[in-house]
Amino acid sequence: MNIIAIIILIALLFDFVLNRLADYLNLTMLRDDLPRDFEGVYDPDRYRKSQEYLKVNTRFGWVTASFDLIVLLVFWFGKGFPLLDEYLRAFNFGPIICGLMYMAALMLFKALISLPFSIYHTFVIEERFGFNQTTPTTYFLDLLKGLILAILLGTPLLAGVLSFFEYAGANAWWLCWIAVTLYMLGVQFIAPTWIMPLFNKFTPLEAGELKSAILSYADSIKFPIENVYVMDGSKRSSKSNAFFTGFGAHRRIVLFDTLIRRHTTGELIAVLAHEMGHYKKKHIIQSLAIGIIQMGFMLFLLSFFISYPGLFEAFYMPRESVYAGLLFFAMLYSPLDFFIGLFMQGLSRRNETEADRFAVKTTRDAQSMVDALKKLSVHNLSNLLPHPLYVFLHYSHPPVLQRIKTLLVG
Ligand SMILES: [Zn+2]
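Positions within a chain are numbered from 1, following the residues in the order the chain's sequence is written. Selection of residues for local features in this predicted model requires a pLDDT of at least 70, selection of side-chain atom pairs for listing and counting requires 80 or more, and totals for whole chains, interfaces and linings are taken over all residues. Excluding hydrogens and water, the side-chain figures rest on all heavy atoms present in the structure.

Those protein atoms acting as donors to the zinc ion are His 274 (NE2), His 278 (NE2) and Glu 352 (OE), and they sit at 2.0 to 2.1 Å. Each metal site lists N, O and S donors within 2.8 Å (3.2 Å for Na, K and Ca). With water left out of the atoms, a site can look as if it is missing ligands. Mapping the donors of the zinc ion onto the primary sequence yields the spacing H-x3-H-x73-E. Of this pair, His 274 and His 278 are both found in helix H9 (residues 265–280), four residues apart, which corresponds to roughly one turn of the helix. Only DSSP runs of H or I with at least four residues qualify as helices, and only runs of E with at least two residues qualify as strands; both kinds are numbered from the N terminus onward.

So, on to the pairing of strand E2 (residues 228–231). Residues of E2 alternate between two faces, with Val 228 and Val 230 on one and Tyr 229 and Met 231 on the opposite face, all of them buried. Any two strands between which DSSP finds at least two bridges are classified as paired. Here strand E1 (residues 202–204) runs beside E2; their pairing, made up of three bridges, is antiparallel. Following the sheet pairing, Pro 204 is matched in E2 by Tyr 229. For E2 and strand E4 (residues 252–256), the ladder comprises four bridges, and the chain directions are parallel. Its bridge partner lying in E4, Val 230 is registered against Leu 255. Summary of the burial criterion: residues with accessible area below 20% of their type's maximum are buried, those above 50% are exposed, and those between are partly exposed, where the area comes from a 1.4 Å probe applied to protein chains only.

Let's shift gears to the packing of H9 against helix H13 (residues 366–379). Angles run from 0 to 180 degrees between N-to-C directions of axes, and those axes are lines fitted to C-alpha atoms, restricted for helices to the stretch in contact. Viewed as axis vectors pointing N to C, H9 and H13 meet at an angle of 90°, and their least axial separation amounts to 8 Å. Viewed along their axes, H9 and H13 adopt a mutual orientation that is roughly perpendicular. Residues Gly 266, Glu 267, Ala 270, Val 271 and His 274 of H9 lie in contact with H13, whose contacting residues are Ser 368, Met 369, Asp 371, Ala 372 and Lys 375. Taken together, the residues of the contact of H9 with H13 sort by class into four nonpolar, three polar and three charged. Note on angle classes: values under 35 degrees are labelled roughly parallel, values over 145 roughly antiparallel, values of 65 to 115 roughly perpendicular, and the remainder oblique. Whether two residues are in contact is decided by their heavy atoms: any pair within 4.5 Å suffices. Three categories are distinguished: nonpolar for Ala, Val, Leu, Ile, Met, Phe, Trp, Tyr, Cys and Pro, charged for Asp, Glu, Lys and Arg, and polar for the others, with Gly belonging to the last.

Distances and angles like these do not, on their own, reveal function.
So this is what it looks like as structure tokens:
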């Protein structure tokens, strides 16, 4: 084993152990008595159910993470990477096509082995806790559409990246950076009108009390919106949400039908005020900019490592190639990605607090936001008392009790 292999192996094991430790600590936080803020909102039975939901999901996470790690290690040390390479090279398709096939084969393999787990999660766990609304037909149609979309959108992107690193020499990384950035922005631009309607139905919110309340709130904070859409989230899950998509004229507010059904107008305005807060406080632009910078940094590093022999030796590859270099570099990059991810989560939690504050300040109605958060947590069986390490590793939002405290105290 060379130094690259040792680094990647240690990173994989460290990640696994750290996550299991966080899971374990998270479970030790479970208490029988309900936190004071939730008295009268959570009935004791449902509270116990939320703890059971956490335990079941933690156990499930344990099984999938162990399985994934074992499969990867067996494939790696069983020389799966060179075997697949040898097999595909025999077709003599040239480096780009061969690279596309190599990546596609690995992705398909990964998707297939994780399929039983995904089916179990949707139709057994989510079903048992009353969240699943998906029919097997919808589930498999989603898979099929996702696969076609991945082929249509992923092939040109990957072919482009491979071509740059194959033919553009020292300029490859920054040419690639510009191309990938434009491509990603393009995809985000067309997503609300071309991609998302493939999976859900979006209907304009009908005129009425809610719509006029939303428009007049948006007007009060000088946030012009053309229309509000309702999405049939209930087609898949009873969990609810609200979000924004697109930029400029394509920008739209989307409310899940499940959200509208369960909340008062005041609560819905609070939720939307929070979402608009993300725009007003420039969080969307911020994360986009960080993402673009991060990608440039990664591609720059990639340009040094892509033809480094040690990278190929680590995976027993006798012959170097751009596609395999790209894949192995991604694994070597994962420890760095881990720390960047932690930073991004921390930033996200800070932004969520800022958006909450924005909502309270502009609606002058902290109580509606608190009520909305409580209802959402109870309905979604959220864990009220996550362990700080678990929050540090996984939470994009502050835990709900902390959010409530910030909303009420300021
Ligand atoms: Zn938010």
